[in-house]
Amino acid sequence: MVEPQVYDVIIVGAGFAGIHQLLNIRKLGLRAKILEAGDGLAGTWYWNRYPGARVDSEMPVYQFSDPELWRDWTFTEYYPGWQEIQAYFCYVDKKLDVSRDVLYNSRVVSAHWNDSVDRWTITTKDGRIFRAQLLSLCTGIGSKYHVPDFKGLDTFKGQVHHTARWPEKYDIKGKKVGVIGNGASGVQVIQEIAPTVSHLTVFQRTPNMALPMKQRKINGAEEEKVKRDLYPLLYARRSQTFAGFFYDFKQTPIADTTPEERVLVLEDLWEKGGLCCWLGCYAELLSNREFNDEVYAFWRKKVRERITDPTLQEKLAPMKPPHPFGIRRPSLEQRYFEVFSQPNVTLVDINETAIEEIIPKGLKTSNGIEHELDVLVLATGFDMVTGGITSIDIRGQDGISIKEKWVDGVQSYLGLASATYPNMFWIYGPQSPSSFSNGPSSIELISDWIIKCMKYMKENNISSIVPTDDAQRAYSDHVDRLGAASGLWFESKTSWYLGSNIEGKKVQLLNFAGGIPAYAKLCHDSAANGYDGFNLKPSLG
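Please read these numbers as outputs of a predicted model, since none were measured by experiment.

**Q** Report on the overall build of the chain, specifying residues and quantitative values.
**A** Of the regular secondary structure elements, the chain holds 17 helices and 20 strands. By the compact-globule yardstick of 24 Å for 541 residues, the chain fits well, its C-alpha radius of gyration being 24 Å. Pairs at least 24 apart in sequence give 71% of the contacts found in the chain among residues at least 6 apart. Of the accessible surface of the chain, which amounts to about 22,400 Å², a share of 51% is contributed by carbon and sulfur atoms. Of the charged side chains in the chain, 61 are positive and 65 negative; the average position of the first set lies 3 Å away from that of the second.

In structure tokens form, the structure reads like this:
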């Protein structure tokens with residue numbers, strides 16, 4: 001019989017959230033261990049190695065806010081690529097010795113609660129067993145990649161690579177490549193490989209309303225001055241804005257503005273680049289249909305100016321919006337739209353000619369055309385937000401798995417815990433602001449709350465804490481109402497924000513759409529009132 005390894009806290013995942021948890025749990029004097037499926041730190045950035053992979057949050061917002069870490073590290077670009085992000089995590093590891101408390105190549109397959117002893121039993125794929133009072137799920141929103149059920153995929157004689165599992169060393173130059181999907185990873189890989197492959201065929205379902213990244217180098221000397229003068233202020237600012245960036249929605253009512261004023265605002269946001277045209281726009285963008293159409297028309301004009309062919313203009317930036325602007329997270333691009341004017345690039349609209357099957361020599365569409373390929377790239381995304389949690393067999397007080405519980409929709413309290421699953425928390429997951437925010441901003445907010453809760457439990461001799469059914473129901477209803485209040489979220493046929501990109505998954509807004517400040521207040525109010533909404537069980541000893 002395998003003897004369990006015993007800890008106070010087991011953390012699943014070694015990205016931003018897992019590391020932030022570990023470093024702060026150490027300060028509480030608790031014994032903790034991270035179980036990480038990969039063989040290195042960085043979470044999703046351990047796996048994101050596809051050509052062109054880079055962040056969509058500008059620096060310095062996308063890093064730990066701890067001065068001990070940012071003081072001695074400066075990124076070279078405002079939007080770093082995956083290599084530099086991995087280098088950053090190596091720096092963090094060397095600085096704070098993270099790896100001494102990480103077990104790599106340890107994929108968690110189950111976590112079962114024992115109500116008689118208030119302990120979790122966690123099992124890894126290779127059969128190791130761990131026991132802990134507290135379980136912290138730091139699996140993120142994009143850890144379970146998705147491969148659609150394409151007919152004949154297993155017959156393809158070339159190579160198939162999902163962007164979430166790209167080989168560490170792979171040369172795609174000179175090959176005939178097909179890319180299915182044009183979300184964030186699709187946009188990045190398409191614009192990166194187009195100049196070097198023999199031929200690129202892009203299979204598009206929905207045009208991507210991508211925004212200009214406006215990438216630029218960081219001047220190290222200038223950044224040192226910014227660190228001294230502004231970094232503390234900037235990191236404090238993160239908790240004050242809707243999405244945890246340094247800029248925020250404009251609250252001026254559209255009715256109080258003029259068309260000329262709005263155009264000038266949009267021009268300014270466009271020049272700033274990044275997600276400014278989305279999260280720095282007027283707040284009514286996500287609720288006012290007429291204004292949303294106005295923003296789409298602005299975007300369409302900007303994009304069409306970069307495309308000469310009228311047919312491509314209509315495919316990539318159609319006159320009629322395929323969905324409201326901003327209800328799907330905009331991707332950031334550098335030369336994406338110019339790519340399709342290259343002679344070695346073909347755009348296939350699968351709404352007109354559907355993917356019929358994968359064949360040994362490539363891909364066949366419904367019009368009978370066989371597209372010959374050496375490599376098939378699946379930029380088909382993830383079972384977003386919930387997949388990292390439901391892929392683990394998690395069973396709580398009633399013995400029912402959380403996957404089964406969430407078949408009819410996610411239920412949580414404060415977007416970080418769930419009724420009948422005591423002493424289990426998650427960070428950057430369902431019904432938190434995760435997908436609507438800069439990752440580290442909401443990660444550190446939630447992680448700090450959990451750390452304070454653990455400290456409270458230790459100091460007050462609390463054996464277990466679990467949300468009440470009533471509190472969970474009220475909070476989940478509140479999240480649903482926030483989504484319904486916009487009126488626009490549900491107008492996208494396939495959106496991972498809603499889970500509708502996964503066949504059979506319950507369609508619901510998976511994240512808290514009220515912004516970080518409103519979310520933080522709900523969390524703070526619960527803690528300030530003795531963890532209102534939770535049942536706390538004192539230790540018997």
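**Q** How would you explain the sheet that holds strand β15 (residues 370-372) if you had to name every residue and give the values?
**A** Spatial ordering of the open sheet is given by β13-β14-β15, a layout of three strands whose pairing is antiparallel. The two strands at the open ends of the sheet, each matched to only one other strand, are β13 (355-359) and β15. Direction aside, the axes of adjacent strands within the sheet are offset by 25 degrees on average. Of the strand pairs in this sheet, strand β14 (residues 362-365) and β15 are connected by three bridges, and their pairing is antiparallel. Pairing of K364 across the sheet is with E370, part of β15.

**Q** Outline empty space enclosed by the protein, listing residues and values.
**A** Per the counting criterion, the structure on display carries one cavity of 30 Å³ or more. Approximately 40 Å³ is the volume attributed to the largest cavity. As for the largest cavity, its lining consists of M59, Q63, W73, T74, F75, I218, E223, K227 and Y231. Counted by class, the lining of the largest cavity contains five nonpolar, two polar and two charged residues.

**Q** Got a sec to walk through the nonpolar core? Specific residues and values, please.
**A** I122, L200, W299, I394, L416 and W449 are the most contacted members of the largest nonpolar core, which totals 157 residues. Element by element, the count of residues in this core is highest for helix α15 (residues 439-459), at eight residues. In this structure, I394 is in contact with A111, W120, L137, I389, I400, S401, I402, Y421 and M424, ignoring residues within four places of it in sequence. If you look at the next biggest cluster of nonpolar residues, it comprises eleven residues, including F156, F203, I358 and L363.

**Q** Tell me about the packing of helix α1 (residues 16-27) against helix α4 (residues 82-96), and please be specific about residues and values.
**A** The geometry of α1 relative to α4 is characterised by a closest axis approach of 12 Å and an angle of 10 degrees between their N-to-C directions. In this view, α1 runs roughly parallel relative to α4, as classed from their interaxial angle. On α4, the residues touching F16, I19, L23 and R26 of α1 are Y88, F89, V92 and L96. A per-class count over the contact of α1 with α4 returns seven nonpolar, no polar and one charged.

**Q** Describe the side chain of S331, with residues and values.
**A** Inspection of the secondary structure puts S331 in the loop between α11 (310-316) and β11 (332-333). Looking at S331, its side chain comes within polar contact range of the side chain of N208, at 3.0 Å. Apart from residues no more than four positions distant in its own chain, S331 is found in contact with G183, A184, V187, N208, A210 and L211.

**Q** Before we move on, could you go through the sheet that holds strand β8 (residues 176-180) and cite the residues and values that matter?
**A** Pairing is parallel across the open sheet formed by five strands, whose spatial order is β7-β16-β8-β9-β12. Two strands lie at the open edges of the sheet, namely β7 (159-162) and β12 (345-349), each paired on one side alone. Averaged over all pairs of adjacent strands, the angle between strand axes in this sheet comes to 20 degrees, irrespective of strand direction. Pairing between β7 and strand β16 (residues 375-378): four bridges, direction parallel. Across the sheet, the residue bridging to H162 is L378, located in β16. Contacts from helix α5 (residues 184-193) reach β8 and β9 (199-204), with the element oriented near 160 degrees to β8.

**Q** So what's going on with the pattern of salt bridges? Residues and values would help.
**A** Pairs can form between side chains of opposite charge once their charged atoms are near each other. Following the criterion strictly, the structure yields 37 salt bridges and no others. Across the pair R26 and D101 runs a salt bridge, and its minimum N-O distance is 2.9 Å. Of this pair, R26 sits in helix α1 while D101 sits in the loop between α4 and β3 (102-103), and the two are 75 residues apart along the sequence. For D525, the salt bridge is made with K521, and the minimal N-O distance between the two is 2.7 Å.

Definitions and cut-offs
Residues numbered from 1 in each chain as written. Predicted model: local features only at pLDDT ≥ 70, side-chain atom pairs only at ≥ 80, totals over all residues. Heavy atoms only, no water. Helix = DSSP H or I, 4+ residues; strand = E, 2+ residues; numbered from the N terminus. Rg over C-alpha atoms; globule rule 2.2 N^0.38 Å. Contact = heavy atoms within 4.5 Å. Areas by Shrake-Rupley, 256 points an atom, 1.4 Å probe, with all protein chains shown as cover. Lys, Arg positive; Asp, Glu negative; His and termini not counted. Charge placed at Lys NZ, Arg CZ, Asp CG, Glu CD. Pairing = 2+ DSSP bridges. Axes fitted to C-alpha atoms, helices over the stretch in contact; angles between N-to-C directions. 1 Å grid on protein atoms, 1.4 Å probe; cavity = no way out; pocket = protein on both sides within 12 Å on 5 of 7 lines; lining within 4 Å. Points joined across faces, edges and corners; volume = space filled by probe spheres on them. Nonpolar A, V, L, I, M, F, W, Y, C, P; charged D, E, K, R; others polar. Core = buried A, V, L, I, M, F, W, Y, C linked by side-chain atoms within 4.5 Å. Buried < 20%, exposed > 50% of the residue type's maximum accessible area, 1.4 Å probe, protein only. Parallel < 35°, antiparallel > 145°, perpendicular 65-115°, else oblique. Polar contact = N/O pair within 3.5 Å; in protein donor to acceptor, adjacent residues only side chain to side chain. Salt bridge = Lys/Arg side-chain N within 4 Å of Asp/Glu carboxyl O.

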